[in-house]
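Spelled out, the chains give:
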Amino acid sequence: MVRDNVTGLIWEVKTNDETLNDMDNQYTWQSANELFIEMMNSSRFGGYSDWRLPTIKELACILDYRGPAPTIDTNYFPKTMSALYWSSTAFACGTDQTWYINFEYDNAYTNYESRSYHVRAVRGLQSDNTFVDNGDGTVTDSSTGLMWQQSTSHTNLLPWTAALSYCEDLTLAGYTDWRLPNMKELRTIVDHKTYNPAIDTEYFPDTMLSDYWSSTSRAISPSFAWGISFTFGRDRTCVKNDSSHVRAVRDVTDSSSGN
C-alpha cells in the first residue's frame with residue numbers, strides 16, 4: 001500500500017503474481033465493484049475492509065504529467081499499466097457511462113460500463129468542495145486552500161502564453177499573486193454530477209461551455225497544453241497557439257495583497 005500525505009488516501013499497489021492484485025487484471029465497471037472490491041474487503045487486504053473504487057478526482061491526483069507512460073510515479077506505483085483505469089464516478093449525462101483515467105495519455109474521459117478496464121482500489125475519506133463566495137469577485141475553496149477568480153471575461157479568449165501573462169498581471173480583490181492553475185488544480189472545481197456546464201454555477205455563474213487553459217504542458221507534445229472543457233468536464237489538449245478561456249487561481253496561504 002501507498003499513503004498520499006497530501007490527500008490522506010491509501011492506495012493499493014499492484015503485483016505481478018496472478019493474484020487478486022495482479023497488474024493484468026481487468027474488469028467491467030460492475031464486476032470491479034461486485035467482484036474485485038468485494039474480494040478486497042472480504043479478504044481484509046492490508047488489514048482493512050473499507051476499500052472502494054476511487055472517484056475520478058481522487059484517481060487523477062496520482063497522475064504524473066511530467067513523464068512517459070505510464071503517467072504515474074512508478075517508484076510508488078510499480079507495475080502500473082499504460083492503460084485505462086475505472087473510477088467510481090458516473091457520467092452525469094447518463095447512458096451507462098463512467099469516468100476513467102488513461103495512464104498512457106494522462107487524460108480523464110468516459111466510456112460504457114460494459115468495457116473491461118484496470119482497477120486500483122483506495123481507502124480513506126472522500127472530500128467535497130467547500131466553496132465560499134467572498135463577495136469581491138473571488139471564490140475560496142477551503143477543501144483545497146485555493147482562491148479562484150469567479151467570473152469568466154467573455155473577451156478573455158486567449159492563447160496559452162497570453163493566458164499565463166493575463167493571470168500573472170491580474171490584480172483582483174487586492175491580490176497580485178494570481179496565476180494560471182495547473183491541471184490538477186483546475187480539475188478540482190469540476191462538478192461531475194452535472195453538465196452544461198460541469199461546475200457549481202451558484203459560485204461560478206458565467207462559466208462558458210468551452211475549454212479553459214491549465215498551465216500544464218503535455219509532456220509528449222510540448223506545443224500542446226492541457227485544459228478542461230466545462231461542457232461535460234472532460235480533459236482537453238490544445239495547441240498553445242489556439243485560444244481558450246481563462247480562470248485565475250491563487251493560494252489562500254499567500255499574502256501578496258495590495259490591501
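Each chain has its residues counted from 1, running along the sequence as written. This being a predicted model, a pLDDT of at least 70 is required before a residue's local features are given, and a value of 80 or more before pairs of side-chain atoms are given or counted; all residues contribute to the totals for chains, interfaces and linings. With hydrogens and water excluded, all non-hydrogen atoms of the structure serve as input to the side-chain values.

Student: Explain the overall build of the protein chain residue by residue, including any values.
Tutor: Along the protein chain, the regular secondary structure elements total four helices and 13 strands. Radius of gyration here uses only the C-alpha atoms, and the compact-globule reference equals 2.2 Å multiplied by the residue count raised to the power 0.38. Here the C-alpha radius of gyration of the protein chain, 19 Å, is about what a compact globule of 259 residues would show, namely 18 Å. Oriented by its inertia axes, the alpha-carbon framework of the protein chain measures out at about 60 × 35 × 35 Å. Each residue is assigned to one of three classes by its accessible area relative to the maximum for its type, calculated with a 1.4 Å probe on protein chains only: buried under 20%, partly exposed between the two thresholds, exposed over 50%. Counting every position in the protein chain, which comprises 259 residues, the buried fraction comes to 49%. Working definition of accessibility: Shrake-Rupley area with a 1.4 Å probe, residue cover restricted to the visible protein chains. Of the roughly 11,900 Å² of accessible surface on the protein chain, 48% is carried by carbon and sulfur atoms. In this tally, Asp and Glu contribute negative charge and Lys and Arg positive charge; neither His nor the terminal groups of the chain are included. One atom stands in for each charge, and that atom is NZ of Lys, CZ of Arg, CG of Asp or CD of Glu. Taking the 20 positively charged and 33 negatively charged side chains of the protein chain as two groups, their mean positions are separated by 3 Å. A run of H or I in DSSP counts as a helix once it spans at least four residues, and a run of E counts as a strand once it spans at least two, with each numbered from the N terminus.

Student: Talk me through helix α1 (residues 29–42); I want residue IDs and the actual numbers.
Tutor: Spanning 14 residues, α1 covers 19 Å between terminal C-alpha atoms, matching the ideal 20 Å at 1.5 Å per step. If you check which residues of α1 are buried, you get Ala32, Phe36, Ile37, Met40 and Asn41. Trailing α1 by a residue or two, Arg44 shows a phi angle of about 50°, which is positive. Multiply 1.5 Å by the residue count of a helix minus one, and that product is the helix's expected span.

Student: Let's hear about the sheet that holds strand β11 (residues 221–229): which residues, and what values?
Tutor: One requirement defines pairing of two strands: DSSP has to find at least two bridges between them. Spatially, the three strands line up as an open sheet ordered β10-β11-β12, and their pairing is antiparallel. Each of the sheet's edge strands pairs with one partner strand only, and the pair in question is β10 (211–218) and β12 (234–239). Mean inter-strand twist for the sheet, computed between neighbouring axes without regard to direction, equals 35°. Relative to β11, β10 runs antiparallel, the two being bridged by five bridges. Lines fitted to C-alpha atoms define the axes, with helix axes restricted to the stretch in contact, and inter-axis angles between N-to-C directions lie between 0 and 180 degrees.

Student: Give a description of the pairing of strand β4 (residues 97–102) that names residues and reports values.
Tutor: Counting buried positions along β4 gives six out of six residues, so the element sits mostly inside the fold. Going residue by residue along β4, you find Gln97, Trp99 and Ile101 tucked away on one face and Thr98, Tyr100 and Asn102 tucked away on the opposite face as well. Where strand β3 (residues 84–90) meets β4, four bridges bridge the pair, whose relative direction is antiparallel. If you follow Ala90 over to β4, its bridge partner there is Thr98.

Student: So what about the side chain of Arg120? Which residues, and what values?
Tutor: Turning to its location among the elements, Arg120 is positioned in the loop between β5 (108–112) and β6 (122–123). By convention in these notes, a salt bridge is any Lys or Arg side-chain nitrogen within 4 Å of a carboxyl oxygen on Asp or Glu. No salt bridge forms around the buried Arg120; measuring N to O, its nearest opposite-charge neighbour Glu12 is 5.7 Å away. Any pair of N or O atoms that falls within 3.5 Å is considered a polar contact. Within protein, one atom must be able to donate a hydrogen and the other to accept it, and sequence-neighbouring residues count only if both atoms are side-chain atoms. There is a polar contact of 2.9 Å between the side chain of Arg120 and the backbone oxygen of Glu12. Within the structure, Arg120 has its side chain in polar contact with the side chain of Thr80 (distance 2.6 Å). Excluding residues within four positions of it along the chain, Arg120 makes contact with Trp11, Glu12, Val13, Lys14, Pro54, Ile62, Ile72, Phe77, Thr80 and Tyr85. Any two residues whose heavy atoms approach within 4.5 Å are treated as being in contact.

Student: Describe unusual backbone geometry, and please don't skip the residues or the numbers.
Tutor: Ala69 connects to Pro70 through a cis peptide bond whose omega is -5°. Within the secondary structure, Pro70 is located in the loop between α2 (56–60) and β3. Between Asn196 and Pro197 the backbone carries a cis peptide bond, its omega angle lying at 5°. As for its placement among the helices and strands, Pro197 is situated in the loop between α4 (183–187) and β10. Non-glycine residue Asn196 carries a positive phi angle of around 55°. Structurally, the position occupied by Asn196 is in the loop between α4 and β10. Overall, the relative accessible area of 41% leaves Asn196 in the partly exposed class.

Student: Summarise helix α3 (residues 160–169); cite the residues concerned and give the values.
Tutor: All of the buried residues in α3 are Trp160, Ala163 and Cys167. Along α3, the residues classed as buried sweep out an arc of 50° about the axis, all on the same side. The exposed set on the far side of α3, more than 90 degrees from its buried face, consists of Thr161, Glu168 and Asp169. Directions pointing from the helix axis toward each C-beta atom define the arc.

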